[in-house]
Amino acid sequence: MNYATETYSTEKIMDLINNYPYYISRLKELDAQYKSEVGGGATSQYGIDAAMPKAQGGNSDPVHNDTIRRMKMDKELNRLQAKVRYIQNRWDRITDERTALVFNLRLNGMTYQSIAKEVGISPQRAHSIMNEVCETLQD
């Protein structure tokens, strides 16, 4: 699924916006974990453990297994980055100052109640502004 090039409904865009803070925090975590593991090695077996029979049906090569794990991590990173890019590549479409403020506060993870207090509007108005934002971001 390529979030950067496909067209999505306003509901899907709202979902991307609502989950944006999670996506960003998860990307930071995965990126830090990915960087810390680069260059890490596996411990080899020695003594009696090295001579024992290995389990059948799976690959017992620790390097191979770690490579598969890293490929899965890379796939998750790419998926999350695509979701974030979908929003980031379109946020310059928001030109109204108040709409941009509501949008940015929502991207920061604030609730509609909090946004309403901050901007001086009703929570229903904040929600309707976000619906307008979703329509604007839709291709």
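The structure under discussion appears in the preceding block.
Computed from a prediction, not measured in an experiment: that's the story for all the values here.

S.K.: Looking at this structure, how should I read the packing of helix α5 (residues 97–107) against helix α6 (residues 112–119)?
M.R.: Any two packed helices are characterised by how steeply their axes cross, that is the angle between the axes, and by the distance between the axes. With their axes 10 Å apart at the nearest point, α5 and α6 run at an angle of 140° to one another. One finds that α5 runs oblique with respect to α6. Both α5 and α6 take part in a crossing whose hand is right-handed. Contacts from Arg-98, Leu-101, Val-102, Leu-105 and Arg-106 of α5 reach α6 at Tyr-112, Ile-115, Glu-118 and Val-119.

S.K.: For this particular structure, what's the right way to read helix α1 (residues 10–18)?
M.R.: Side chains that are three or four residues apart share a direction in an α-helix, a result of its 3.6 residues per turn. Listing the buried residues of α1 in full gives Ile-13, Met-14, Leu-16 and Ile-17. Along α1, the residues classed as buried sweep out an arc of 160° about the axis, all on the same side.

S.K.: Help me out: how do you make sense of the side chain of Thr-99 in this one?
M.R.: Here Thr-99 shows up in helix α5. Residue class for Thr-99 comes out buried when judged on its relative accessible area of 14%. Look past the residues within four positions of Thr-99 in its chain and what remains in contact with it is Ile-94, Ile-129 and Val-133.

Cut-off values and rules
Residues numbered from 1 in each chain as written. Predicted model: local features only at pLDDT ≥ 70, side-chain atom pairs only at ≥ 80, totals over all residues. Heavy atoms only, no water. Axes fitted to C-alpha atoms, helices over the stretch in contact; angles between N-to-C directions. Helix = DSSP H or I, 4+ residues; strand = E, 2+ residues; numbered from the N terminus. Parallel < 35°, antiparallel > 145°, perpendicular 65-115°, else oblique. Left-handed = near helix turned anticlockwise from the far one by under 90°. Contact = heavy atoms within 4.5 Å. Buried < 20%, exposed > 50% of the residue type's maximum accessible area, 1.4 Å probe, protein only. Arc of directions from axis to C-beta.

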